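Notes for the structure review
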Amino acid sequence: MSDHPPPAPLVALVVGPHEAYAAGPGLRESWPLAEVASRVARMIGSIHPRWVVWSAENALRGVVAAGVDVPRSWDLAEAHRLLHGGWRATPGDVWAGCRGLRVDDVPVPRRGRQAGFDGDLFDLAERSVDELLTESGHLRADALEGWATGSERLGRLADLALTCQREQEGSLRARGGDGAERLIRTVWSESAAAVLCLELERDGLPVDRLAAEDLISAAAGPRPRDDADAARIRAQRDHAVLRHAPGRERADLRNPAQVRTLLQSVGVDVPHTRAWVLEPYRPTHALVDALLTWRKNERVATTYGYRWLDEHVGADDRLRGRWTACDGAAGRMTAQNGLHNLPAPLRPAIRAEPGYVFVRADLGQVEPRVLAVVSGDRAFAEATRSDDLYAPVAAKLGIERSVAKVAVLAAMYGQRSGAAGEALKDLERAYPVAMDLLDRAYADGVARRSLRTYGGRLIPFGIEPVPADPPRADGAGVPGSEPSGIRPDVDRGGSDAARGRFARNAIIQGSAAELFKAWAATVRHAVRPLGGQIVLCLHDELLVHVPQARAGEAQRAVQDALGRASHTWAGTDVVRFVADASVITRWSEAKD
């Protein structure tokens, strides 16, 4: 008898404007929209299917909003992004990718109004026929919108979704060879991450509103009564800096050129005014220290001030924003409304609700450990057996730990100057397999050759930059306004060296993103029976909200989940992954 359970039956779920349709083994049913969540929950409890959807955004938003746990899915849009790279993954793109059709020829909805037509305006020639596909074989532009009416049409879209799933799985198996199962599991975890994004949007991040008000007030001043009062408070903030440069009180601190002139007036001559350039000059003049402090306060005042608090923190004291499972580059999760960029001074305002705590966990030294997996360097893998990977590397190279750390990070980020450059030569001798992988990635970047991560995500060069508009429900949108990590448009006018550095980091950062999402998906299921829920995913960090009485169990569950997820993702236990998990009440209590 096999040790593996039978595969979950595939059930396509297509949600139209007025009804939904489910199709799978022995199943062809049309459901009223009001019954979709209950029908899905019933099937999850009986046949435990894997839901095939054009996108979680389109098909599962209402289900998740109703509180239904969707444990298994195959998100065609996320699988398409994995296979073909980039962000765009409309149903038309997915179908074109499965059929090998030109993506430039995918029909695009034309929106607007004309006399006698109320609503979205699509290609009227397509709307006038009953065909799902155009003469060129493409999926019609309005397939999941205006056209998807009636059970017969929804059933055809469900059949098409199952066809795409088979095509995508076939492509992954053909591409993966011996590693095909790893690529399939990546789609599973990417699909789970898309569902998790809907849960994060639904539930939000707990905020102590009074603490947030106090912290904003400390940085930005009191809440203004009107526009005139806001201008007065702003002038007071500026004066705290300008008073250190008598005669220059009219300088605009928001104008880099004027700030540079202001600094020159007190003897600080710098090529530009970025914080990392100014930081060494703090002891030189009080103006520099005041300016850097002002910048932190100004960021709170303008981006995370009272308006941010009023607009994005709900009546239930939860901060909410749009989440995406893939940033369109190396595949990192992104979020809007400050969920990924919240300034450190505001972290004390992130507080667990009464009777609850946070289990905060972050992956330790994840990128070098991922490098050990991706490269298959056994010598480097041996170093990961230690809690502190850099210590055995330093011992092997005969250098200080701090230098070893800089050298390993420099290898992944492409720095070859200074002390790091010297140590890199020793790294190349000690860990030739790992360093060769990075060198080959660098060469691919210089040559504009596409790369693939360990989980199979395509990272192409020369594609258009990712825009910053909010996603659309049909999967045609783009990620939020807070992109994280690397971008595939780095070579548009960039140097060969910049492309090479991008490439050598992309294969590591992208693979690390896949491991993180596999871990998050595993944690999501592990803490649910404990009454816990993930409320924040931040690059390599998870924040789990859990009843205080179950905190110890949740902490162990998070750690155990990493062991299971990393073994499944890597296919081996040769490389050891570690996470620091602590129980805290406020996010600011976490140790960096």
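None of these values were measured; they are calculated from a predicted model.

**Observations concerning the overall build of the protein chain**
Within the protein chain one finds 22 helices and 15 strands. Buried positions account for 51% of the 592 residues belonging to the protein chain. The long-range share in the protein chain, meaning contacts at least 24 apart out of those at least 6 apart in sequence, stands at 64%. Within the structure as shown, the protein chain displays about 25,800 Å² of accessible surface, and the carbon and sulfur contribution to it stands at 50%.

**Looking at the sheet that holds strand β14 (residues 541-547)**
Strand order across the open sheet formed by four strands is β13-β14-β10-β15, with antiparallel pairing between neighbours. Taken across any chain shown, the strands that pair with only one partner, and hence form the sheet edges, are β13 (533-538) and β15 (578-584). Between one strand and the next, the sheet's axes are offset by a mean angle of 20°, whatever the strand orientation. The sheet contact formed by β13 and β14 spans five bridges and is antiparallel. Residue pairing in the sheet places Q533 in a bridge with H545 of β14.

**Comments concerning the packing of aromatic side chains**
Under the defined criterion, the tally for this structure stands at six aromatic pairs. On the numbers, 6.0 Å between centres and 75° between planes, the contact of F516 with W519 is edge-to-face. Of this pair, F516 and W519 both sit in helix α21 (residues 496-527), separated by three residues, roughly a single helical turn. In this pair, the class of F516 matches that of W519, namely buried. Put simply, the rings of Y454, W569 and F577 pair up and form one aromatic cluster. It is R50 that lies over the ring of W188; its NZ or CZ is 4.0 Å from the centre.

**A few points about the side chain of R524**
Of note, R524 is situated in helix α21. Using a relative accessible area of 3% as the deciding quantity, one classes R524 as buried. Of the polar contacts made by the side chain of R524, one reaches the side chain of D69; its length is 3.3 Å. For R524, the contacting residues outside a window of four places in its chain are D69, V70, V195, L196, E199 and I534.

**Here we look at the pattern of salt bridges**
In the structure shown here, the tally under the stated rule is 49 salt bridges. The partner of R39 in a salt bridge is E29, with the nearest N and O atoms 3.4 Å apart. Taken together, the positions of R39 in helix α1 (residues 36-46) and E29 in strand β3 (residues 27-32) put the pair 10 residues apart, joining distant regions of the chain. For R39, a relative accessible area of 21% corresponds to the partly exposed category. The exposure class of E29 is partly exposed, given its relative accessible area of 33%. Across the pair R322 and E57 runs a salt bridge, and its minimum N-O distance is 3.5 Å. A residue pair is termed long-range when its members are at least 10 positions apart, and R322 in the loop between β7 (318-319) and β8 (323-324) and E57 in helix α2 (residues 56-59) qualify at 265 residues. Given the relative accessible area of 17%, E57 is considered buried. Through salt bridges that share partners, E57, R61, E201 and R322 make up one connected network.

The rules behind the values
Residues numbered from 1 in each chain as written. Predicted model: local features only at pLDDT ≥ 70, side-chain atom pairs only at ≥ 80, totals over all residues. Heavy atoms only, no water. Helix = DSSP H or I, 4+ residues; strand = E, 2+ residues; numbered from the N terminus. Buried < 20%, exposed > 50% of the residue type's maximum accessible area, 1.4 Å probe, protein only. Contact = heavy atoms within 4.5 Å. Areas by Shrake-Rupley, 256 points an atom, 1.4 Å probe, with all protein chains shown as cover. Pairing = 2+ DSSP bridges. Axes fitted to C-alpha atoms, helices over the stretch in contact; angles between N-to-C directions. Phe/Tyr/Trp six-rings, centres within 6.5 Å; stacked < 30°, edge-to-face > 60°. Lys NZ or Arg CZ within 6 Å of the ring centre and 35° of its normal. Polar contact = N/O pair within 3.5 Å; in protein donor to acceptor, adjacent residues only side chain to side chain. Salt bridge = Lys/Arg side-chain N within 4 Å of Asp/Glu carboxyl O.

Note that all results are geometric; they support no functional claim without further evidence.
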